[in-house]
Every structure is written in structure tokens, then in C-alpha cells.
Amino acid sequence: SDFNKSTLSGLVVPGPEGSVWVQSSGDVVLTTEEWDAIAGTSGGLTTGHRIYLSTTAGLLEDGPPIGHGDFVSLVGIAINATTLQLQLVFGGVAVP
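A quick note: this is a predicted structure, and the numbers were derived from the prediction, not measured.

J.: Before we move on, could you go through the side chain of Gln-23 and cite the residues and values that matter?
T.: Following the sequence through the fold, Gln-23 ends up in strand β2 (residues 20-23). Among residues more than four places away in sequence, those in contact with Gln-23 are Gly-10, Leu-11, Val-13, Val-28 and Leu-86.

J.: Can you break down the environment of Thr-46 residue by residue, with the values?
T.: In this structure, Thr-46 sits in the loop between α1 (32-39) and β4 (50-53). In sequence terms Thr-46 and Thr-82 are 36 residues apart; their C-alpha atoms lie 8.9 Å from each other. The residues touching Thr-46, leaving out its near neighbours within four places in the chain, are Asp-62 and Ala-78.

J.: An account of the nonpolar core is needed here, citing residue identities and associated values.
T.: If you look at the biggest cluster of nonpolar residues, it comprises 14 residues, and the most contacted ones within it are Leu-11, Val-28, Trp-35, Leu-45, Leu-60, Val-75 and Leu-84. With near-sequence residues (within four places) excluded, Trp-35 lies in contact with Leu-11, Val-28, Leu-30, Gly-40, Thr-41, Gly-44, Leu-45, Leu-60, Ala-81, Thr-82, Thr-83 and Leu-84.

J.: Can you lay out the pairing of strand β1 (residues 11-14) for me, pointing to particular residues and giving the numbers?
T.: The side-chain alternation of β1 yields one buried face, formed by Leu-11 and Val-13, and one unburied face, formed by Val-12 and Pro-14. Here four bridges tie β1 to β2, and the two strands are oriented antiparallel to one another. Within β2, the residue paired with Leu-11 across the bridge is Gln-23.

About the cut-offs
- Residues numbered from 1 in each chain as written.
- Predicted model: local features only at pLDDT ≥ 70, side-chain atom pairs only at ≥ 80, totals over all residues.
- Heavy atoms only, no water.
- Helix = DSSP H or I, 4+ residues; strand = E, 2+ residues; numbered from the N terminus.
- Contact = heavy atoms within 4.5 Å.
- Core = buried A, V, L, I, M, F, W, Y, C linked by side-chain atoms within 4.5 Å.
- Buried < 20%, exposed > 50% of the residue type's maximum accessible area, 1.4 Å probe, protein only.
- Pairing = 2+ DSSP bridges.

Here it is in C-alpha cells:
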């Protein structure tokens, strides 16, 4: 993956009246269907799992990227099927 695409400063989340916000801390609550669409999960998030920035632009992964040269960026930890506690961490480390 590209180093310039491996950092994250927040998640775009739905706001009031069709607006969107960039959230950089706290809990993000979405429906299980919304999490499935952006994190590749089924039935929402799995409690306790760490969620990472995907190597596919605009998506998240339920587990770190493992490809050679991929950069690992933690987004947060699943509190339950619909809630992600943001813990934005860029390790700056590429998978060997």
C-alpha cells in the first residue's frame, strides 16, 4: 500500500439533515448494514476486534493488512456490533 494513503485523521459519519461530519474521537455508531458495507463484515462488528484501515481506499478491515509492504493503521476497537471506539493509531510500519 501507499504510505500517503495509510494515515487517517477521522471517519466520515452521517450528520443531521443529510450532512456528514468527520469524527476523530469517541464512539462511532452505525447500523450493522453500514458497518458490513465499509468493513467487510457480516452482521456488523465483532465485539473486541480491532478495526484497521484497509488497503482498499475508503474501506476498513476486521484485522490488519498482511500484504508485503502494507502499512498498518489501527482505526479502533469494536465495542459491539454497531459501535466502534475510535483509537486512531498509525504505526508507520510496513508489513515485511
